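Coordinates in review
Residues per chain are reported as follows:
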Amino acid sequence: MVVAFWVLLAGLLAGIAPAPESVEDNASANLPPAASDSMKARALVRAELPGRDAVPAVVVVRGEGADAAERAREAVARITSALSGPGRPDRIVNVISTVTAPDAAAELVSRDRAAQLIVVPLSGSPSDEDFRNDVDEIRVLASDRAGPAEVAVTGPAGIATDTVKVFGGGDRTMLLATVLLVLVVLLAIYRSPLMALVPLVAVGVAMRVSEAAGALLADAGTVTVSSQTASIMTVLLFGVGTDYALIITARYREALLDEPDRPRAMRTAVRRTAESVLASASTVVLAMFALLAAVSPALRGFGPYLALGVAVMALVAFTFLPALVLLLGGGVFWPGGAGRAAARGRGAGVWHRVAALVARAPARVAAAVVALLVVMSAGLLGYQESFNPLSGFRAATESERGQGVVREEFGPGEIAPSTVVVRSRDDLRAGPVPDAVAAALAGADGVARVGERSRFGADGRTLFHEVVLDHDPYGAQALDAIGPLGETARAAAETAGARDVTVLVAGETAQSADIRSALDRDTVLVALLVLAVVTAVLVLLLRSLLAPLYLVATLLLSFLATLGATTFLTLTVLGDEGIGNRVTAYVFVFLVALGVDYNIFIMSRFKQELRTLPPAEAIGAALTRTGGVVSSAGLILAATFAVLTTQPIRELFQFGFAMALGILLDTFLVRPLLVPAVVRLLGDRALWPARPGRPAQPAGPAEPTGPAEPVAPAESAEPAVGPSAGNAARTGLLLRAFTWIAAVEACTWAGLLIGMYVKYVPETTELGVRIFGALHGAAFVVYVLLTVLVAVRLKWGPGRTTLLALLAAVPPFATVAFEAWARRTGRLPARPAPARRPAPVP
C-alpha cells in the first residue's frame, strides 16, 4: 500500500502539473531587489521613453585589411537592408545603424572607423523560445550579408540566447552523469544490484513528486523556480536521498543480526535512525527557509523549492524506501546474502585504527586538522567576486566574441552604457539643467563620454542622459562609480536651479551595484540565521549547550577552508575573473546545513553508546560504527555535487567544486578526526550541562568489533514516560483539544474546497471561500501549536512530532493543487498578468 501510494501520487501530480520548463523564471534571479534605485530607474526609462522596454541585440561589424572602414560600411548597409526588409524576424521593433540614423554615427562607429554597431531592439521576453529563434535568425542574416567583414551578434538578447543554449546542453549531461556515478558507488558499497537500485528508485519517486509539486506551486505564484535551482535540486536529492538510504539500510543490516524477522528489523532500523535523519532533514529545510529573509531575488527564490524537495525526500526515505526493501525480501541482498551484508555493517578495520589514533593523541590530532584547515583558508587572501555574466561561460559563445570586439574597438564601457535619470518638479526642457548635468557628467571621474542628445519624458520633468564609463561595466571600479555619478548629477541639477531633484541610474552597471549591495547584506543575515537554525537543532538533539558551540565552530572552519581552496583553484590556477557573486552565500548555506549532518550522525550515536559505555569509549564506538556508512554517504554526496563541475556555467562549476571539497573535508577530517578529538579532550563535559550517567552493563559479552547496539524500548513502554497522574486531567483536555482542532481543520478544508468549486465553476459568490479560508488558516496555526504542546506533554520523539506536524501541510498543498488544476482545465480563468507600474519617485 505504501509503495502504491507514492507511485499513484507521483503519477497524479505529473498528470495535473505543468512542465517544469514552462514555469521557470530565469530573469528575476539576475535582477536586484524590486525596491532598489536601479529598478526604479529602469521603470522610469520604460515608462517615459517609448520603445525602450525592448531587448536589444547588438550586431558588431568589423572590416579587415587596408579598406576596413569601407568593408564595414558596406556590410552594415547590407545587414541593415536584410533586417529592415519584408523577410525580417517578426519581433524586430526597428533597426538603428548609420544607414537608418546617420546622426548617431558618433556612437555607432569606432574611432578608426573599422567597426560599426547595429542595434536591433526585439519585443518579447528572452525566456520565450520564439524570441531566441529570432535572435538565431538575425545571426544567420548578419552572417550571410557580412561578406569579408567579421560579424557577431551580442548585447542582452544575444547573451540571453547563448545562456539558454549553453545551459540546456549541459543539463542533460549532468543528469546522466549523476545517475551513473551514484549507481557505480552504490554497487561498490552494497555489492548487490537490487540494493543499489533501491535508493535510485526512491530518489526518482521523490524527484518526480517534488518537481510536479514545485511546478504547481510555481504556476500558482507561490515559489520561484529557475534552471539553476532545478539543476541543484537534482544533485541535492540524489545526494541526500542516497545518504538517508545508506543510514537506514545500514541499521537494517545491523538489526537483522539480532532479529531475523525482516519487518521487525526494519521497524527497529527506522526507529533508531529517525532522530538523526529527521534532525538532518529539518536542518536543511529550515536553512532553505532562512533564505526567505533575503531581499535578493537570487537568494530569496532559491530556498522554498529546495526545501520542498528535501522534505519530500525525507518522507520517501522513511516510508517508500523501507516498504520497497521489504517487498524485495531476502533477494535484495543477492548475491552475498543478508548475513554477509549485516556483517559488513559492524564496522571496518580502518575505522578501528582511526578511533585508536584519536584515543592515543587527541590534542595532536585536533591541532593537525585545525592547522591544515587554516592553511587552506589562506586562499581567501585572493578572494574577489565577479558580476560579469559573460565571464561566467566556460564555453565559447558568439555573444562573448562580439563583446570582445566592442571592447577593443569602442572601449570597455560601450558594452553596457548607463542612463542617468534626473527627475524634478519643474519642466527641465527650457532651462539650463540639461546642459549643466551633461557637462558635469562629462567631467566626472571614470566617464568616457556622455550621449550627445538629452531625452525628456512626456511631461518634461524627467531628463535622461546616456553615460559610457571608461571601466569594465561589470568591474568593481564601475560599480563603485555609480553612487558618485548620481551625486554629481544631483549637485549639477540643483546648482542649475532644479527643485526637488531625484537622481537615479539605470543600466547593467547600476543593477550590478544594487545586486552587490543586496548580496552583502543578505549574506551576513542569512549566515546568522542558518547558524542559529543549526545551533537550535543541535541543542534540541543533543540536550547540550556546549556541544553545539564547538560543532558549529568546526563547520565555520571547514567553510573558510573550502572557500579559500576554491578561490585559489578557480582564480589562481584556472584563471576565472572572480568567484560568482552568489556562490559564497550558496556554499555557506548548503555546506553548513549538509555538513552538520555528519556531526549529527556521529554525536547521536555517541549519545546512544553512552548508555553502556563511558565517554572515552563511547566516542570510539560511535566513530567505528558510523565510520563506514557515513563516509560512504559523504562520498556519494560529494560525488553528486562534483557533477556540477561538468556544467559550462562558472557559478555552477565553482559551487559544485566547493561543495564536493567541503563535504569531503567534513566527512574525512572534521567528523572522524576533529570532532572525536575534541570530545575526548572534553571528556565528561562534552555534552555539558548534561553529564553521562553510570553506563549500564551490556546483557552479553562485548563484540570484538565494537559494543552491542542498545535495545530500544518497546512500543508498550511508551506510557511509562508519559504524564504523571497529577496532571492526567490536563493532558486529557489537551488531547481532546488536539483531536477537535484536527477535525475542525479537516472540515474547514472540505468547506474551502467546496466553496472554491462553487466559486470557480458557476462563478458565484466568493464569500464562502473567504470564510472557510480564514477558518482553515486559523485551524492550521492552532493545529501546529497543539502538536508541539502535546509532544512536550507526552514526551514524543521527533519522528512522531514531525510526522503529525507535516500532516497539517497536506490540506494547504491540496488547495493549491486544486487551484492549479482548475486554472489548467479552464474551470478557473487564467491568472491575469500584473499591471506594470512605474515605481514611485519623489
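Since this is a predicted model, take the numbers as computed values, not measurements. (Residues numbered from 1 in each chain as written. Predicted model: local features only at pLDDT ≥ 70, side-chain atom pairs only at ≥ 80, totals over all residues. Heavy atoms only, no water.)

Side note on the overall build of the chain
What the chain contains, in helices and strands, is 27 helices and 10 strands. Scored against the burial criterion, the 842 residues of the chain give a buried share of 53%. Contacts spanning at least 24 positions in sequence make up 80% of the contacts within the chain whose residues lie at least 6 apart. Accessible surface, the chain: about 35600 Å² in total, of which carbon and sulfur atoms supply 63%. (Helix = DSSP H or I, 4+ residues; strand = E, 2+ residues; numbered from the N terminus. Buried < 20%, exposed > 50% of the residue type's maximum accessible area, 1.4 Å probe, protein only. Contact = heavy atoms within 4.5 Å. Areas by Shrake-Rupley, 256 points an atom, 1.4 Å probe, with all protein chains shown as cover.)

Digging into the environment of Leu-571
Relative to the helices and strands, Leu-571 resides in helix H20 (residues 546–573). When its relative accessible area of 13% is taken as the criterion, Leu-571 is described as buried. For the pair Leu-571 and Gly-379, spaced 192 residues apart in the sequence, the C-alpha separation amounts to 9.8 Å. With residues up to four places along the chain from it excluded, the contact list for Leu-571 reads Gly-382, Gln-384, Thr-566, Asp-576, Gly-578 and Ile-579.

Considerations on the nonpolar core
For soluble globular proteins, nonpolar side chains are generally found buried alongside one another. Core analysis: the biggest nonpolar cluster contains 173 residues, and Phe-590, Met-603 and Phe-641 have the highest contact counts within it. Of the residues forming this core, the biggest block, 18 residues, is contributed by helix H21 (residues 583–609). Core analysis: the second largest hydrophobic core is formed by 23 residues, Ala-75, Val-135, Ala-146 and Ala-149 among them. (Core = buried A, V, L, I, M, F, W, Y, C linked by side-chain atoms within 4.5 Å.)

What to know about the pairing of strand S8 (residues 462–469)
For S8, a buried count of 7 out of 8 residues is recorded, marking the element as mostly surrounded by other parts of the structure. As judged from the 6 bridges shared by strand S5 (residues 418–423) and S8, these two strands associate in the antiparallel manner. Across the sheet, the residue bridging to Val-420 is His-465, located in S8. Examined bridge by bridge, strand S6 (residues 447–450) and S8 share 3 bridges and lie antiparallel to one another. From the neighbouring strand, Val-447 faces S8, where its bridge partner is Leu-469. Here strand S7 (residues 455–456) pairs with S8 via 2 bridges, running antiparallel. The partner of Phe-456 across the bridge, within S8, is Leu-463. Between the end of S7 and the start of S8, which pair antiparallel, lie 5 residues, with Gly-460 showing a positive phi angle near 80°. (Pairing = 2+ DSSP bridges.)

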